[in-house]
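Coordinates in review
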Amino acid sequence: MGYLFVRGWIVFLVLGSLVMQGCVSGRKKIELTRAERARMLVEVANGALLEGDPTGALQSLSEAEKVDDSLPELHHSYALAYLRKHELKRAIECAKKAVALNPEYPEANNTLGKLLMEDGKLLEARAPLQRAAKNAMSREAYKAWTNLGIIHYQLGDLAESEKMMDRAIDEAPAFACVAYFYRGQIKQRNNSLNSAILDYDHATRKVCASFGDAYLALGTAYEQNRQYELARKAFLEVEKRFPNTKVAQQAMDRVRFLP
């Protein structure tokens, strides 16, 4: 299903809704406002992004911008599209505009923080991430807590990083794959191997099952803990799940040196 089909389906739903309103009320068909038309095009763009078509997304966003350029979600989607096009600077500019239009927009704040992290501006990234993490209405605050934890990890403040990962896991224990992974890294570095193993195991379950680095880390923790058969099993699982990848090659290299 391409984004053009999605676009047509959205238009059909909106127009169908308006026709029904006209039938029920007996009034003339209601005209879409500029904001409603722009939002519809933003949804088309988001569908294109889901289909892996950032160029198509940018085309729809350009149309939406001509209709109403005051929507924060428009500029947030622009940021995501430019990121997919590897245009980091433009993505940051768009994310900043989205946040300027709505300072409490959690998704845009998290996106801005993540983009600034990718640009090496770790300290600047903290403010938008903190706003996103502390937004009580956000279902994805765990992502911002995780990103804050990664910043502290990269700055070498492992104790503070662990606190941030704890917050992420408390917010969304079933989805905090990356937080489990980094907390495992911290525990492994502190030689708390059993705790690290538990965290790595969580980072490979259910929705985290495609996280190859977590499987590899689980194997290394078992190896460090002298649980060699479990280490071998974990490494072979990496090769089975992620064949012909860098992480699989790393796992097989470690298998060769197990006792």
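Residues numbered from 1 in each chain as written. Predicted model: local features only at pLDDT ≥ 70, side-chain atom pairs only at ≥ 80, totals over all residues. Heavy atoms only, no water.

A separate point is the overall build of the protein. Of the regular secondary structure elements, the protein holds 14 helices and zero strands. In the protein, the order of α-helices and β-strands from amino to carboxyl end is α-α-α-α-α-α-α-α-α-α-α-α-α-α. Counting only contacts in the protein whose residues sit at least 6 apart along the sequence, the fraction spanning at least 24 positions is 49%. (Helix = DSSP H or I, 4+ residues; strand = E, 2+ residues; numbered from the N terminus. Contact = heavy atoms within 4.5 Å.)

A few words now on the state of the cysteines. Applying the stated criterion across every chain, the model contains one disulfide. In this model, C177 is linked to C208 through a disulfide, with the two sulfur atoms separated by 2.0 Å. Its S-S torsion of approximately -85° makes the covalent link between C177 and C208 left-handed. With a gap of 31 residues between them, C177 in helix 10 (residues 177-189) and C208 in the loop between helix 11 (193-202) and helix 12 (212-224) connect regions that are remote in the sequence. Note on C208: relative accessible area 3%, which makes it buried. (Disulfide = S-S within 2.5 Å. Buried < 20%, exposed > 50% of the residue type's maximum accessible area, 1.4 Å probe, protein only.)

Our focus in this paragraph is the environment of L101. Its location among the elements puts L101 in helix 5 (residues 88-101). Judged by its relative accessible area of 39%, L101 falls in the partly exposed class. For the pair L101 and P72, spaced 29 residues apart in sequence, the C-alpha separation works out to 5.6 Å. Every residue in contact with L101, bar those within four places of it in the chain, is listed here: D69, S70, L71, P72 and H75.

Time to look at helix 12. Along its 13 residues, helix 12 runs 19 Å from first to last C-alpha, staying within 8% of the 18 Å computed at 1.5 Å per residue. Burial within helix 12 is extensive, with eleven of its 13 residues counted as buried. Those residues of helix 12 that sit buried are G212, A214, Y215, L216, A217, L218, G219, T220, A221, Y222 and E223. Turning to helix 12, the residues buried within the fold contact helix 10, helix 11, helix 13 (228-241) and helix 14 (246-255). Positioned one or two residues after helix 12, R226 has a phi angle of 60°, which is positive. (Expected span 1.5 Å × (residues − 1).)

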